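# Secondary and tertiary structure notes
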Amino acid sequence: MTLLQALRKATQSSHQRLEGQISKEEVTASIDAYALYLRQFHQGLAACWLQLDWHLLAEWGLPELSARQARYHALTDDLHALGHPVPPLERGLRSERAPSVVGCLYVLEGSIHGGAILLSELETKAGPLPADTCRFLSGFHDQNRYYWKDFVSWLESLETGDDFLEAASTSAREAFEHFIAAFAVKSPTPVVS
Ligand code: HEM
């Protein structure tokens, strides 16, 4: 089994649970609902963020690292623009656990698919949003597929064994749990920086 196959198998049911928690109709019903979605996502992301050792990912040759990193910081910027300030994402820690970093990043990078669906529905209902409020969901714009494919190729190029697959799968499941917990709370406490 490849790393990608292992991650997909390990997280399929978690993704289904999470998708079941997020109502596209509700999220795209109003700007306030959209802002709430971003706050909930931020909560999940912040919980995952400390796992992400960007130095290690650079050493492992993650393609387009800066652009990927910038997409996550754009979430904080969008929330500021929407009037829901949240603290910036903290600097990640150094990690010796490459499989955990990779498993967690898989979940975060994969979230670009759902984001594109939500943004498209939001814009169909409400028209184009101010550009500074949807930088995160816009991701890499018409390059989203390319960035995902490049990520997957990188993932598949890593030299891994069974232990790596198992640890990365555990980490990916844990990352989904952070999001499932964040989306279970319908009114996250506003955090003002
Ligand atoms: C309403 C919300 C969401 C919808 C509608 C949605 C939908 C999708 C769709 C359609 C795909 C498959 C894309 C493709 O292969 O062409 C996908 C993949 C994925 N999504 Fe979501 N998603 C949502 C939320 C999330 C969230 C919040 C996360 C993580 C925090 C997430 C993580 C992933 C991952 C990791 C994949 C990659 C699976 C793979 O191909 O290996 N999704 N999603």
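Located above this text is the structure these notes cover.
Quick look at the structure, then. (Residues numbered from 1 in each chain as written. Predicted model: local features only at pLDDT ≥ 70, side-chain atom pairs only at ≥ 80, totals over all residues.)

### Examining the site of the ligand
Around the ligand, a shell composed of 14 residues is seen, among which Ile-22, Gly-110, Ser-111, His-113 and Gly-114 lie nearest. Those elements that place two or more of their residues in the shell around the ligand are helix H1 (3–21) and helix H6 (98–126). Per element, the largest residue contribution to the shell around the ligand is seven residues, and it comes from H6. Classifying every residue of the shell around the ligand gives six nonpolar, five polar and three charged. (Near = placed C-beta within 6 Å. Helix = DSSP H or I, 4+ residues; strand = E, 2+ residues; numbered from the N terminus. Nonpolar A, V, L, I, M, F, W, Y, C, P; charged D, E, K, R; others polar.)

### Here's the deal with unusual backbone geometry
In this structure, Glu-64 takes a positive phi of about 50° despite not being glycine. The class of Glu-64 is partly exposed, set by 16 C-beta atoms lying within 10 Å. In this model, His-141 sits at a positive phi of 55°, which is unusual for a non-glycine residue. Relative to the helices and strands, His-141 is located in the loop between helix H7 (135–138) and helix H8 (144–157). Looking at His-141, the number of C-beta atoms within 10 Å reads 8, which means it is exposed. (Buried ≥ 20, exposed ≤ 12 C-beta atoms within 10 Å, placed from the backbone.)

### Comments concerning H1
Taking 1.5 Å of rise per residue, 19 residues should cover 27 Å, and H1 covers 27 Å from first to last C-alpha, within 8% of that figure. At Thr-11, H1 shows its largest bend, some 50°. Tucked inside the fold, the buried residues of H1 contact H6, H8 and helix H9 (162–184). (Expected span 1.5 Å × (residues − 1). Bend = angle between axes of the 7 residues up to and from the residue. Contact = placed C-beta atoms within 7 Å.)

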